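In case you want the letters, here they are:
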Amino acid sequence: MDAGTTTRGLSSGGVVFGDGRMITYITFTRGVRITVSVTSLLRGAVMLAILLLVPVLTHGTNPEEAAKSYFEEGKELSKQQRYDEGLVKLTLAVQASLETHKYHQALFMTYMALRRGVQAIDVYKKMAGEHPDSPTVHYWLGRLYLQSQSLDAAALEFRKAAELAPKDDHAWISLGHTYYRQGKDAEAMVAYQTANKL
């Protein structure tokens, strides 16, 4: 090793040698030797940064702009009958603007039109797990359960949505509808009256 070379041990079972211009990695177990120039590493880091920024730059500088862009792309792809690609874009719109009902509605309607309710429930259950405090996610998960005739699960999600956003009449009205379909007339009336007061 030269005087200007530094050595660093790695927990992965290898050693890295470097002199400021070149970096070499040697594994202990297989004796694999990889040498990369520092310039190449910097170039690679710049390319990675560009790849990470391109979606942000092409879909707006803030989440709302990105959501709107994804939403428009998703609608256009659906018109072209490229439904799977459309679902991806609509899902990105929902994720970028979690509390915007029109993005959820478009995603819901696309899943329903494709008769993929079970898949939609899985997507929304995952979303609800990632965002347990989102009344909008719970509301739309409730709508999916209601569509699939899972009334108990629908009522649970509508109750969560109403608890998280007590001033949102959507959840209360849907909760009332669900209770009515379950034969719980008294509970349905309370939910409807709560919605009427808002």
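Here is what the cut-offs are and how they apply
Residues numbered from 1 in each chain as written. Predicted model: local features only at pLDDT ≥ 70, side-chain atom pairs only at ≥ 80, totals over all residues. Heavy atoms only, no water. pLDDT = per-residue confidence, 0-100. Contact = heavy atoms within 4.5 Å. Helix = DSSP H or I, 4+ residues; strand = E, 2+ residues; numbered from the N terminus. Buried < 20%, exposed > 50% of the residue type's maximum accessible area, 1.4 Å probe, protein only. Core = buried A, V, L, I, M, F, W, Y, C linked by side-chain atoms within 4.5 Å. Salt bridge = Lys/Arg side-chain N within 4 Å of Asp/Glu carboxyl O.

Participant: I keep staring at the confidence of the model for the chain and nothing clicks. Help me out?
Facilitator: The predicted coordinates should not be examined in detail at positions where pLDDT is low. Summary statistics for the chain give a mean pLDDT of 81 and a share of 69% for residues scoring 70 or more. Counting interchain partners and residues more than four positions distant, the pLDDT-below-50 stretch residues 1-17 has 39 contacts. Note on residues 25-29: pLDDT is under 50 here. Beyond four places in sequence and across chains, it has 21 contacts.

Participant: Explain the side chain of Glu157 to me, please; I cannot follow it from the model alone.
Facilitator: Position of Glu157 among the secondary structure elements: in helix 7 (residues 151-164). The class for Glu157 is buried, based on a relative accessible area of 6%. In contact with Glu157, other than residues within four places in its own chain, are His138, Leu141, Gly142 and Tyr145.

Participant: So what exactly am I meant to see when it comes to the nonpolar core here?
Facilitator: Across soluble globular proteins, you tend to see nonpolar side chains buried next to one another. Formed by 39 residues in total, the largest nonpolar core has its most connected members in Val94, Leu107, Tyr124 and Leu175. Secondary-structure elements contributing two or more residues to this core are helix 2 (63-79), helix 3 (83-96), helix 4 (101-113), helix 5 (117-130), helix 6 (135-147), helix 7, helix 8 (169-181) and helix 9 (185-197). Here this core gets seven residues from one element, more than from any other, and that element is helix 6. If we ignore the near neighbours within four places in the chain, the residues touching Tyr124 are Val94, His104, Leu107, Val137, Trp140, Leu141 and Leu144.

Participant: Looking at this structure, how should I read the pattern of salt bridges?
Facilitator: This structure, assessed with the given rule, holds six salt bridges. With its nearest N and O atoms 3.1 Å apart, the salt bridge here joins Glu73 to Lys89. On the criterion of sequence distance, the pair formed by Glu73 in helix 2 and Lys89 in helix 3 is long-range, its members being 16 residues apart. Of the charged contacts, one joins Glu130 and Lys126 as a salt bridge, the two residues approaching to 3.9 Å between their closest N and O atoms. Pair noted here: Glu130 and Lys126 are both in helix 5, with a separation of four residues, about one helical turn. Of the residues examined, Lys126 reaches a relative accessible area of 56% and is grouped as exposed.

Participant: I keep staring at the environment of Ala162 and nothing clicks. Help me out?
Facilitator: By secondary structure assignment, the location of Ala162 is in helix 7. Considered as a pair, Ala162 and Trp172 are 10 residues apart in the sequence and their alpha carbons are 6.1 Å apart. Other than its neighbours up to four places away in sequence, Ala162 contacts Ala171 and Trp172.

Participant: Would you mind going over unusual backbone geometry with me for this structure?
Facilitator: Keep in mind that most residues, glycine aside, have a negative phi and that most peptide bonds are trans. Phi is positive for Arg115, which is not a glycine, with a value near 55 degrees. Position of Arg115 among the secondary structure elements: in the loop between helix 4 and helix 5. Since its relative accessible area comes to 78%, Arg115 is described here as exposed. Phi is positive for Gln149, which is not a glycine, with a value near 70 degrees. Turning to its location among the elements, Gln149 is positioned in the loop between helix 6 and helix 7.

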